[in-house]
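The residues making up each chain are set out below.
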Amino acid sequence: MKEVKSVEQSQTKKPRFNSAFQRLMSVHWWMAGLYLILFMGGTFMARLPRSEFRGALYDFHKSIAVLTIILLVWRIATLIQVLLKKYRSRLPKLSNQWIKNFVLHTFIYGFMVGVPITGFFFSNSFRANNVSLFGLVLPDIFPENKNLVQIGRSLHFWLAYTFLTFIALHLISQWKVAKANWRRFVGFVQVKFIKE
């Protein structure tokens, strides 16, 4: 009788896919994909000579960056929801590993804010009304000032590559999870595209 009851309870229990943690992981992977596009695209377009094609790539790069900011707001709201639920009844155990993870994630969130802000600074300094979200022109955060373009470019470049270093550290710290996800992804691709 107890076995039947526990089976019924496990079947009626809400699946983890509806949890705030699952939403957090979903936005994590969406943002990871967008950052991959930003880093690869940014490196590629910076090497191109000035042209209409390069201008279109810059517009696309800026649109993806604005999209990451929108997702970041959603991510932070979801993260707060997860943390309130997780630590409602008990505070975290302040182990060395917890402190390392906290510091690493704090830096990563800082870069997720800082890199696009320096991108806005770089773009706005170069020309007014220069940032859009897929054609929708956004208001300037910084005034146009040609004297600050080089500073904006340098800040954006160095912050972006420092961010990339912290992403690499995050990947190393989560290596087992990354390997498991990679195996799942390869399996999915094989089933969906190769076997068909």
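Owing to the predicted nature of the structure, the values given are computational and were not obtained by experimental measurement.

**Quick notes on the nonpolar core**
Thought 1: Counting 19 residues, the largest nonpolar core has Met31, Tyr35, Ile108, Met112 and Phe163 as its most contacted members.
Thought 2: When residues no more than four places from it in sequence are discounted, the contact partners of Phe163 are Tyr35, Phe39, Ile108, Phe111, Met112 and Val115.

**A look at a positive patch on the surface**
Thought 1: A cluster of basic side chains, namely Lys176, Lys179, Arg183 and Arg184, defines a positive patch on the protein surface.
Thought 2: Assignment of secondary structure puts Lys179 in helix H6 (residues 175-194).
Thought 3: By relative accessible area, Lys179 is classed as partly exposed at 40%.

**Re the environment of Val73**
Thought 1: Inspection of the secondary structure assignment puts Val73 in helix H3 (residues 52-86).
Thought 2: The sequence separation of Val73 and Val113 amounts to 40 residues, and the corresponding C-alpha distance is 9.9 Å.

**Let's talk about the pattern of salt bridges**
Thought 1: Applying the stated criterion across every chain, the model contains 1 salt bridge.
Thought 2: Between Glu144 and Lys146 there is a salt bridge, with its nearest N and O atoms 3.6 Å apart.
Thought 3: Residue classification places Glu144 among the partly exposed positions, given a relative accessible area of 44%.
Thought 4: The exposure class of Lys146 is exposed, given its relative accessible area of 51%.

**Brief notes about the confidence of the model for the protein chain**
Thought 1: On average, residues of the protein chain carry a pLDDT of 85, and 90% of them reach 70 or more.
Thought 2: The secondary-structure element of the protein chain with the lowest mean pLDDT is helix H1 (residues 2-12), recorded at 48, while helix H5 (residues 149-173) shows the highest, at 94.
Thought 3: Low pLDDT (under 50) marks residues 1-12, which in the prediction has 0 contacts with non-local residues, meaning those over four places away or in another chain.

Reading guide: rules and limits
What you see as residue numbers is a count from 1 along each chain, following the sequence as written. Under the rules for a predicted model, residues below a pLDDT of 70 receive no local features and side-chain atom pairs below 80 are neither given nor counted, while totals for whole chains, interfaces and linings still include all residues. With hydrogens and water stripped out, all remaining heavy atoms of the structure feed into the side-chain values. For our purposes a nonpolar core is just a set of buried Ala, Val, Leu, Ile, Met, Phe, Trp, Tyr and Cys residues, chained together by side-chain atoms within 4.5 Å. The buried label goes to any residue with under 20% of its type's maximum accessible area, the exposed label to any with over 50%, and the partly exposed label to all in between, with areas taken from a 1.4 Å probe on protein chains only. Contacts are assigned to residue pairs that have any heavy atoms within 4.5 Å of one another. Each patch is built from residues lacking any salt bridge and having more than 30% relative accessible area; the joining distance is 9 Å for like charges and 5 Å for nonpolar side chains (Val, Leu, Ile, Met, Phe, Trp, Tyr). Using a 1.4 Å probe, accessible areas were evaluated by the Shrake-Rupley method; residue-level cover was limited to the displayed protein chains. Any Lys or Arg side-chain nitrogen located within 4 Å of an Asp or Glu carboxyl oxygen qualifies as a salt bridge. Within this scheme the basic residues Lys and Arg register as positive and the acidic residues Asp and Glu register as negative, but His and the chain ends are omitted. Lysine's charge is taken at NZ, arginine's at CZ, aspartate's at CG and glutamate's at CD. Numbering of helices and strands runs from the N terminus; a helix is a DSSP stretch of H or I covering at least four residues, while a strand is a stretch of E covering at least two. As a per-residue quantity, pLDDT reports the predictor's confidence and falls between 0 and 100.

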